[in-house]
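Structural characterization, general
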Amino acid sequence: MAQFWKPGTEKPRLVDDEEGGVLFFSGGFSSSSSSSGYGYASIEKQRQRLPVYKYRTAILYLVETHATTIIVGETGSGKTTQIPQFLKEAGWASGGRLIACTQPRRLAVQAVAARVAEEMGVKLGEEVGYTIRFEDVTKPDVTVLKFLTDGVLLREMMDDPLLTKYSVIMVDEAHERSISTDILLGLLKKVQKRRPELRLIISSATIEAKAMSDFFGKRKKRRELENEENGIQLEPAILSVEGRGFNVQINYVEEPVQDYVQAAVSTVLLIHEREPPGDILVFLTGQDDIDAAVQLIADEVQTSKKHSPGLVVLPLYSGLPRAEQELVFSPTPRGKRKVIISTNIAETSLTLEGIVYVVDSGFSKQKFYNPITDVENLVVAPISKASAKQRAGRAGRVRPGKCYRLYAEEYFLNHMSNEAIPEIQRSNLVSCIIHLKALGIDNILGFDWPASPSPEAMIRALEVLYSLGVLDDDAKLTSPTGFQVAEIPLDPMISKMIIASNQFGCSEEIITVAAVLSIQSIWISGRGIQKESDEAKLRFGDHVTFLNVYKGFLQSGKSSQWCHKNYVNYHAMRKVLEVREQLKRIAQRIGIVLKSCESDMQVVRKAVTAGFFANTCRLEEYSHNGMYKTIRGSQEVYIHPSSVLFRVNPKWIIYNSLVSTDRQYMRNVISIDPSWLLEAAPHFYLLQQSNPLH
Ligand code: ADP
Ligand code: MG
């Protein structure tokens, strides 16, 4: 009767049954928003036990007297959940002002806001709210503590460049150096000049504080620093919150492992068999390998009965529905051992209670951009020493723990880099530049960055934006296209595709495509080879398949059974509906007429081309294994096995994104006619030295 939940199927519910060995039961959502079940008094006690509690007065004093306060403290010390509450208690949210706390990750925003609302005994969305892209759970004039992604705060600056409604902005997880965090820090430094009463708190789990302090302390004019206004010091203050981590014993593998998913699974089972009680946290890289590991443990438990008693296996990655997120925070039922298989979100963004064992694959998914080939890639890549230490630290929160590194000690010591490279130095800068331009920052090269992006990447981005018709000859946003693209909170290529759909008369379809592309995946992973009903239609590509799935979903009356039968993730489809509604509203606001092209897929493909022409690839003529080359940069790429065009291999295709494993794979591809390229982006293709289209 024990049963595992397969990701993407019915929502699971953790049930503490008395028989043992029960892992999941399908069931309804738990309606309570409470994640811990503790009463109010007990929560107050828990709060007081956190390391930051002792620093409450010091923190409030520093914030009062300094424009910028940098707070360093170990993960779990209470930075994120407590400091905003301290600020509110001290009156920073009085008189209609708000306190903002940013996070690089959406899942963290939701989880932390829910926790703080619970601690304060209020309903989420009232005094305590959150905003992530396409989801605003705040109430005007009621919400005073607002958690949001740094990307959303950047967007808010487009309407209110000085962020006037906030009294304090806490930029959390600054050590992650996400691209949005870095842009935000650069902009906030500018805002401070115009709004001396604004307070910034920069919090971080690692001691990179000095660099941050130098950044905020370094002003163009010395006078600025001396000019203390109302006794506010402009030189940043640094406060280190002493944690109380326990010792963590580190174990390495002797030989490099071949398959880290399999190795992680074996390690979990070994720990479960041999080690005393305590929960296990496994770091893998993303939904795919996490789902695979959950499945492997399930299979293992089914075949060998010995492991089954009391193993509760939970995945954790962004894109997980709320009800499933809550399971990872719920207390482990008595006599059970919880295994959380997570992306690096559990490295510092979320604190999980009760972890005693950590299994570290040594990898995470990272973005890499090569400005020479103009290829941005999501790659499973080795983590840094700093990350490895953070991961290990997760085992020592409640008592001495153990960390199992699935790599050799020699590798850790001699081959792992000390710190990760800031994301801005390994990203395509197209979105970033649009943001800055929309905020009226014209001298992008002279912008005061916490870490400068490479000039090559900058030039590449300007070139693409020029070809997209977003920037004019003077590198200013064009009107209306440039401003419209900036208005849509999506990748500029997707935004351009939406705008182009207006001319092609297929905005209804393209908005659906855009909504699907903004969701990680609508498929249940492990989807087998499907027998498609109308193959000819599907062969145009994944975008067309998305439209068929969407249509089928609506026709089924939005049925979860229909999804199940068609290997479609029901939650993802609900999300698509939501995002689609929001995009429709945005599109209408910027003057796009909603119109359907019915079944004319040629115009849909043309609209995709108008946005994504830079991602064109051609099948290598004598290739027997489906090798493509990118038109710009001649990179070797292949169609991802999950694509409907896998093995179909049309001559000309456009991809949406690249993922890299053993090869560079194109995800979400569509076939095109090369003559459309010149139509879509004459400059882009004619400027190439030898025209690659011929
Ligand atoms: P930091 O930001 O310093 O890493 P947090 O403020 O996120 O720390 O967490 C402080 C403590 O609050 C954690 O150690 C944990 O005990 C508790 N906590 C945080 N989030 C949750 C949650 N969603 N459910 C239960 N407890 C939580
Ligand atoms: Mg935190």
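Reference entry: report on the structure contained in this document. This structure is a prediction, so every number in the text was calculated from the model and none was measured. (Residues numbered from 1 in each chain as written. Chains lettered and ligands numbered in written order. Predicted model: local features only at pLDDT ≥ 70, side-chain atom pairs only at ≥ 80, totals over all residues. Heavy atoms only, no water.)

1. Side note on the overall build of the protein
In terms of helices and strands, the protein carries 26 helices and 23 strands. Residue burial in the protein is summarised as follows: out of 694 residues, 57% are buried. Sequence separation of at least 24 residues holds for 72% of the intrachain contacts in the protein that already meet a minimum separation of 6. Accessible area for the protein stands at about 29,700 Å²; split by element, carbon and sulfur atoms hold 50% of it. (Helix = DSSP H or I, 4+ residues; strand = E, 2+ residues; numbered from the N terminus. Buried < 20%, exposed > 50% of the residue type's maximum accessible area, 1.4 Å probe, protein only. Contact = heavy atoms within 4.5 Å. Areas by Shrake-Rupley, 256 points an atom, 1.4 Å probe, with all protein chains shown as cover.)

2. Brief notes about the sheet that holds strand 8 (residues 166-171)
Read from one edge to the other, the open sheet built from 8 strands follows the order 6-5-7-4-8-9-3-10, with strand pairing classed as mixed. The open sheet has two edge strands with one neighbour each: strand 6 (135-137) and strand 10 (237-241). Across the sheet, the axes of successive neighbouring strands diverge by a mean angle of 20°, strand direction being ignored. Relative to strand 7 (residues 145-149), strand 5 (residues 128-132) is paired through 4 bridges, and the arrangement is parallel. Looking across to strand 7, one finds that Gly129 is bridged to Lys146. Docked against the sheet, helix 7 (residues 209-217) engages strand 3 (68-73), strand 9 (199-204) and strand 10, running at close to 175° with respect to strand 3. (Pairing = 2+ DSSP bridges. Axes fitted to C-alpha atoms, helices over the stretch in contact; angles between N-to-C directions.)

3. What about the pairing of strand 9?
Counting buried residues along strand 9, 6 of its 6 residues qualify, which places the element largely inside the surrounding structure. Burial of the side chains of strand 9 extends over both faces: Arg199, Ile201 and Ser203 are buried on one face and Leu200, Ile202 and Ser204 on the other. Across 5 bridges, the pairing between strand 3 and strand 9 is parallel. Along strand 9, the bridge assignment pairs Thr69 with Ile201. Inspection of the sheet shows strand 8 paired to strand 9 by 4 bridges, in the parallel sense. Its bridge partner lying in strand 9, Met170 is registered against Ile201. Handedness of the crossover joining strand 8 and strand 9 through helix 6 (residues 179-194): right-handed. (Right-handed = clockwise from strand over helix to strand, strands pointing away.)

4. Notes on helix 24 (residues 601-612)
The first and last C-alpha atoms of helix 24 sit 16 Å apart over 12 residues, in line with the 16 Å expected at 1.5 Å per residue. Of all 12 residues in helix 24, 11 are buried, a share of seventy percent or more. Among all positions of helix 24, only Met601, Val603, Val604, Arg605, Lys606, Ala607, Val608, Thr609, Ala610, Gly611 and Phe612 are buried. The backbone nitrogen of Gln602 lies 3.1 Å from a side-chain oxygen of the residue at the head of helix 24, namely Asp600. (Expected span 1.5 Å × (residues − 1). Polar contact = N/O pair within 3.5 Å; in protein donor to acceptor, adjacent residues only side chain to side chain.)

5. A look at the site of ligand 1
Surveying the vicinity of ligand 1 reveals 15 residues, the closest of which are Gly76, Thr80, Thr81, Glu353 and Arg397. Contacts to ligand 1 include Ser77, whose backbone N or O atom sits 3.2 Å from an oxygen atom. In this structure, Thr81 approaches ligand 1 through a side-chain N or O atom, which is 2.5 Å from an oxygen atom. Ranked by residues supplied to the shell around ligand 1, first place goes to helix 3 (residues 79-89) with 3 residues. (Near = heavy atom within 4 Å.)

6. Side note on the pattern of salt bridges
Oppositely charged side chains may form a pair once their charged atoms are brought near each other. On inspection of all chains with the given rule, the structure shows 27 salt bridges. A salt bridge links Arg397 to Glu353; its shortest N-O distance comes to 3.5 Å. Taken as a pair, Arg397 in the loop between helix 13 (385-393) and strand 18 (401-405) and Glu353 in the loop between helix 12 (345-348) and strand 15 (355-360) lie far apart in primary sequence, 44 residues in all. One network of salt bridges, with partners in common, ties together Glu44, Arg47, Arg56, Glu89, Arg115 and Glu119. (Salt bridge = Lys/Arg side-chain N within 4 Å of Asp/Glu carboxyl O.)

7. Section: the side chain of Ser77
Examined against the element boundaries, Ser77 turns out to sit in the loop between strand 3 and helix 3. With a relative accessible area of 2%, Ser77 lands in the buried category. In terms of polar contacts, Ser77 uses its side chain to reach the backbone carbonyl oxygen of Glu74, at 2.6 Å. What Ser77 contacts, discounting residues up to four positions off in sequence, is Leu50, Pro51, Val52 and Val241.

8. A closer look at the sheet that holds strand 12 (residues 279-283)
An order of 11-18-15-12-14-13 is seen for the 6 strands of this open sheet, with the pairing classed as parallel. In this open sheet, the two edge strands, each paired with only one partner strand, are strand 11 (248-252) and strand 13 (311-316). Strand-to-strand twist across the sheet, computed as the mean angle between neighbouring axes with direction ignored, equals 20°. In this sheet, strand 14 (residues 337-342) lies alongside strand 13 in parallel orientation, the contact comprising 6 bridges. Residue Leu311 lies in a different strand from strand 14, and its bridge partner there is Arg337. Contacting strand 13 and strand 14, helix 10 (residues 287-303) crosses the sheet at an angle of about 165° to strand 13.

9. Structural notes on empty space enclosed by the protein
Across all of its chains, the model carries 4 cavities of 30 Å³ or more by this definition. Reported here for the largest cavity is a volume of approximately 110 Å³. Its residues assigned to classes, the lining of the largest cavity comprises 6 nonpolar, 5 polar and 2 charged. (1 Å grid on protein atoms, 1.4 Å probe; cavity = no way out; pocket = protein on both sides within 12 Å on 5 of 7 lines; lining within 4 Å. Points joined across faces, edges and corners; volume = space filled by probe spheres on them. Nonpolar A, V, L, I, M, F, W, Y, C, P; charged D, E, K, R; others polar.)

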